[in-house]
Amino acid sequence: MIRLNYRDSRPIYEQIKDNLRKLIVSGAISAEEKLPSVREMATKLAINPNTIQRAYRELENEGYIYTVPGKGSFAALGSDMSRQRQEELFQKLEEVAVELMYIGVAPGDILAHVEAVVQKEEKKTDD
Amino acid sequence: MIETKELTKRFDAFTALDKVSLHVKPGSVYGLVGPNGAGKTTLIRHLAGALRQTSGEVLIGGEPVFENNAVKERIAFIPDDIFYFMQASTRDMMAFYRGIYPRFNMERYHALKDVFKTVDEKRNIRRLSKGMQKQSAFWLAVCMMPDVLLLDEPVDGLDPIMRRQVWGLIMEDVVERGTTVLVSSHNLRELEDVCDYMGVMDEGKLIFQRSVTDLQENLVKVQVVFEKEDTQLPEGIEVLHREKSGRIHTLIVRCSPQEAQERLGGLSPILLDTIPLSLEEIFIYELGGVERGIKDILL
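Just so you know, these numbers come straight off a predicted model, no measurement behind them.

Draft legend 1. Main features of the interface of chain B and chain A. Opposite the 21 residues of chain B that make contact, chain A presents 18 residues. For the pair chain B and chain A, the summed buried area comes to about 1700 Å², and 52% of that belongs to carbon and sulfur atoms. The tally of links between chain B and chain A comes to three salt bridges. Between E172(B) and R39(A) there is a salt bridge, and its shortest N-O distance comes to 2.7 Å. Connecting chain B to chain A are five residue pairs in polar contact (both at pLDDT 80 or more).

Written out as structure tokens, the structure reads:
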């Protein structure tokens, strides 16, 4: 479920965190679903349990998961979480837009492109 | 759980260990790195009670180890060069260890046949390949249900799949039973996964020990381009190393990535990127920079 990239210079706990976050946000782990236990993850990935614990703790602080003592960690339903993710994504969009403008794409073309994407997605959900 | 106080060992005129004060918390996995001849193996052999120190103390769970059977029952040690009796098979060794280690777990021994299925338990261990001998040693060691596991270059000779399985097994014990592990290795990359504490040895001295979290959070690489060439960095930022190519400054800064973003962001740079450092880089800078030839210690 989680793949660590050993060429990645990010610390491992961050890789685990990002991986899990992606799974939760994309719905691959649905809300209220139980996440693998620290023990399972540590054993399967051969990673220090404290590292996994740390990734879980930070995800909990960010509102992506919640922990029930004695039961384990679960994916959260959160509106908080989507709001935070939203901010992140808007920031990314901003970076992309700035770069597009920098290489000389007209602002109108950028907007048109975004609109086209929105329309395409809406059509998909209609079907 | 594991502690040495000013541990010194001399072999005739040669000082192999020089006032080593090591401290390993219960349930933690401590990685020991250093070049050949740094004293890693000698240190581990003291912890296992195989060598007697010249001066200082060696304590496991607060008790001296040397000649102390009650303590040794709780320790499993896999040396770099594994010793077996002549003609002994894994099963023979199991029978031997069962007599010595009161907690030896037969159920586990049988269950692990599946994991170590390439090792024929009836075959003379000396006739097995190096990697299989290591597997056999791991198999027996985890069945001793140790509180302290001492590993000297443990995965040397194991294939990547086996490495992972073995580390998985050990991590399970760390979570489930709070086993304390001390492992020496040359492979920093591998230690980064499994350790939460690291120590660096050189020339018989323990020159550095710290938690991995601490290491990772306190240094960051920053790439920054300022509008004005002569922009000064704000006060109070400790820069360990700087490089400049064209307009891009590459700085190694002692603070968290967030802090670097906040403080340098205030100078309205054209570009500001924080990049995490690999453990190897962290060591190089923490230990005094590339200039001092620290690179060689870590290889």
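Now that the structure has been shown, we can carry on.
Draft legend 2. Structural view of the packing of aromatic side chains. The final tally for this structure, using the stated rule, is nine aromatic pairs over all chains. Between the aromatic rings of F96(B) and Y97(B), the centroid separation amounts to 5.5 Å while the plane-to-plane angle is 55°, which identifies the pairing as tilted. A relative accessible area of 19% means that Y97(B) is categorised as buried. An aromatic cluster of three or more residues is present, and its members are F83(B), F85(B), F96(B), Y97(B) and Y101(B). Taking the ring centre of Y13(A) as reference, the NZ or CZ of R54(A) above it sits at 3.6 Å.

Draft legend 3. Structural context of the nonpolar core. Residue and element names in this part refer to chain B. Of all hydrophobic cores here, the largest spans 57 residues; its most connected members are F104, F116, L151, W167, I170 and F283. Counting only domains with at least three residues in this core, you end up with domain 1 (2-210) and domain 2 (215-298). Here L151 is in contact with I44, I78, F138, W167, I170, V181, L182, V183 and S184, once residues within four sequence places are set aside. Counting residues in hydrophobic clusters, the runner-up holds 23 residues, among them A38, V71, M201 and L206.

Draft legend 4. Looking closely at the domain arrangement of chain B. Residue and element names in this part refer to chain B. If you check the domain split of chain B, you get domain 1 (2-210) and domain 2 (215-298). Between the C-alpha centres of domain 1 and domain 2 the distance comes to 37 Å. Facing 13 residues of domain 1, the contacting portion of domain 2 comprises 11 residues. Both faces considered, domain 1 and domain 2 share a buried interface measuring about 1000 Å² in area, 74% of it formed by carbon and sulfur atoms. When the area that domain 1 buries against domain 2 is broken down by residue, the three leading residues are L188, F208 and R210, summing to 47%. Run the count over domain 1 and domain 2 and you get zero salt bridges. Only helix 7 (188-194), strand 10 (197-202) and strand 11 (205-211) provide two or more residues apiece to the side of domain 1 that touches domain 2. Examining the composition of the side of domain 1 that touches domain 2, we find that four residues originate from one element, strand 10, more than from any other. Of the residues that constitute the side of domain 1 that touches domain 2, the class distribution is eight nonpolar, two polar and three charged.

Draft legend 5. Summary view of a negative patch on the surface. On the surface, E94(A), E95(A), E99(A) and D273(B) cluster together into a patch of negative charge. Inspection of the secondary structure assignment puts E99(A) in helix 4 (residues 79-102). What makes E99(A) exposed here is its relative accessible area of 53%.

Draft legend 6. Representation of unusual backbone geometry in the model. Positive phi outside glycine occurs at E67(B), with the angle close to 60°. Examined against the element boundaries, E67(B) turns out to sit in the loop between strand 6 (63-64) and helix 2 (69-72).

Draft legend 7. Seen up close, the packing of helix 1 (residues 12-25) of chain A against helix 3 (residues 49-61) of chain A. Residues and elements named next belong to chain A. Two elements in contact, helix 1 and helix 3, have axes whose closest approach is 9 Å; the angle formed by their N-to-C orientations is 50°. Between helix 1 and helix 3, the interaxial angle falls into the category oblique. In this structure, helix 1 crosses over helix 3, and the sense of that crossing is right-handed. Note on element contacts: helix 3 touches helix 1 through T51, I52, R54, A55, Y56, E58 and L59, opposite I12, Y13, I16, K17, L20 and R21.

Draft legend 8. Local environment of the pattern of salt bridges. Residue and element names in this part refer to chain B. Tallied over the entire structure, the rule returns 21 salt bridges over all chains. Between R74 and D147 there is a salt bridge; the shortest N-O distance is 2.9 Å. Linking R74 in the loop between helix 2 and strand 7 (75-78) with D147 in the loop between helix 5 (130-143) and strand 8 (148-152), this pair joins segments that are 73 residues apart in sequence. Its salt-bridge partner being E190, residue R163 comes within 3.0 Å of it at the nearest N-O pair.

Draft legend 9. Structural view of the domain arrangement of chain A. Residue and element names in this part refer to chain A. Taken as a whole, chain A is organised into domain 1 (12-77) and domain 2 (80-126). Taking only C-alpha atoms, the centre of domain 1 and the centre of domain 2 are 29 Å apart. Contacts between the two partners involve seven residues from domain 1, matched on the other side by four residues from domain 2. Approximately 520 Å² of surface area, both sides summed, lies buried where domain 1 meets domain 2, with 57% of it carried by carbon and sulfur atoms. Taken together, the links from domain 1 to domain 2 amount to zero salt bridges. Between the two partners, domain 1 and domain 2, sit zero residue pairs in polar contact (both at pLDDT 80 or more). Of the residues belonging to the side of domain 1 that touches domain 2, the class tally is four nonpolar, one polar and two charged.

Thresholds, definitions, all that
Residue numbering note: each chain is counted from 1, following its sequence as written. Each chain takes a letter, starting from A, and each ligand takes a number, starting from 1, following the order in which they are written. Per-residue local features are limited, in this predicted model, to residues with pLDDT of at least 70; the limit for side-chain atom pairs, both in listing and counting, is 80 or more; totals at the level of whole chains, interfaces and linings are taken over all residues. By convention in this description, side-chain values take in all heavy atoms of the structure and omit both hydrogens and water. Contacts are assigned to residue pairs with any non-hydrogen atoms lying within 4.5 Å of each other. In this description, buried area is defined as the sum, over both parts, of the accessible area (probe of 1.4 Å) that is lost when the two are combined. Each reported salt bridge corresponds to a side-chain nitrogen of Lys or Arg within 4 Å of a carboxyl oxygen of Asp or Glu. For this analysis, a polar contact is any N or O atom pair within 3.5 Å, provided that within protein one partner can donate a hydrogen and the other can accept it, and provided that sequence-adjacent residues contribute only side-chain to side-chain pairs. Only the six-membered ring of Trp is used, alongside the rings of Phe and Tyr, when aromatic pairs are assigned; centres must lie within 6.5 Å, and planes under 30 degrees apart are stacked while those over 60 apart are edge-to-face, with the rest tilted. Partly exposed describes any residue whose relative accessible area lies between the buried limit of under 20% and the exposed limit of over 50%, with all areas from a 1.4 Å probe on protein chains only and scaled to the type maximum. Comment: the charge-over-ring label is applied if NZ (Lys) or CZ (Arg) is within 6 Å of the ring centre and within 35 degrees of the ring normal. In this text, buried Ala, Val, Leu, Ile, Met, Phe, Trp, Tyr and Cys residues form a nonpolar core when linked through side-chain atoms within 4.5 Å. An automatic or database domain assignment provides the domain bounds reported here. Under the scheme used here, helices are H or I runs from DSSP no shorter than 4 residues and strands are E runs no shorter than 2 residues, and both carry numbers assigned from the N terminus. Nonpolar residues are Ala, Val, Leu, Ile, Met, Phe, Trp, Tyr, Cys and Pro. Charged residues are Asp, Glu, Lys and Arg, and all others, Gly as well, are polar. Note that patches include only residues with greater than 30% relative accessible area and no salt bridge, and the join distances are 9 Å for like charges and 5 Å for nonpolar side chains (Val, Leu, Ile, Met, Phe, Trp, Tyr). Accessible surface is estimated by sampling points in the Shrake-Rupley manner with a 1.4 Å probe; for residues, cover comes only from the protein chains shown. When charges are tallied, Lys and Arg are placed among the positive residues and Asp and Glu among the negative ones, while His and the ends of the chain are skipped. Throughout, a charge is located at the NZ atom of Lys, the CZ atom of Arg, the CG atom of Asp or the CD atom of Glu. Lines fitted to C-alpha atoms define the axes here, with helix axes fitted over just the stretch in contact, and angles between the N-to-C directions of these axes take values from 0 to 180 degrees. Comment on the angle field: the value is read as roughly parallel under 35 degrees, roughly antiparallel over 145, roughly perpendicular from 65 to 115, and oblique elsewhere. Crossing chirality is assigned from the near helix's rotation relative to the far helix, an anticlockwise turn below a right angle marking it left-handed and a clockwise turn marking it right-handed.

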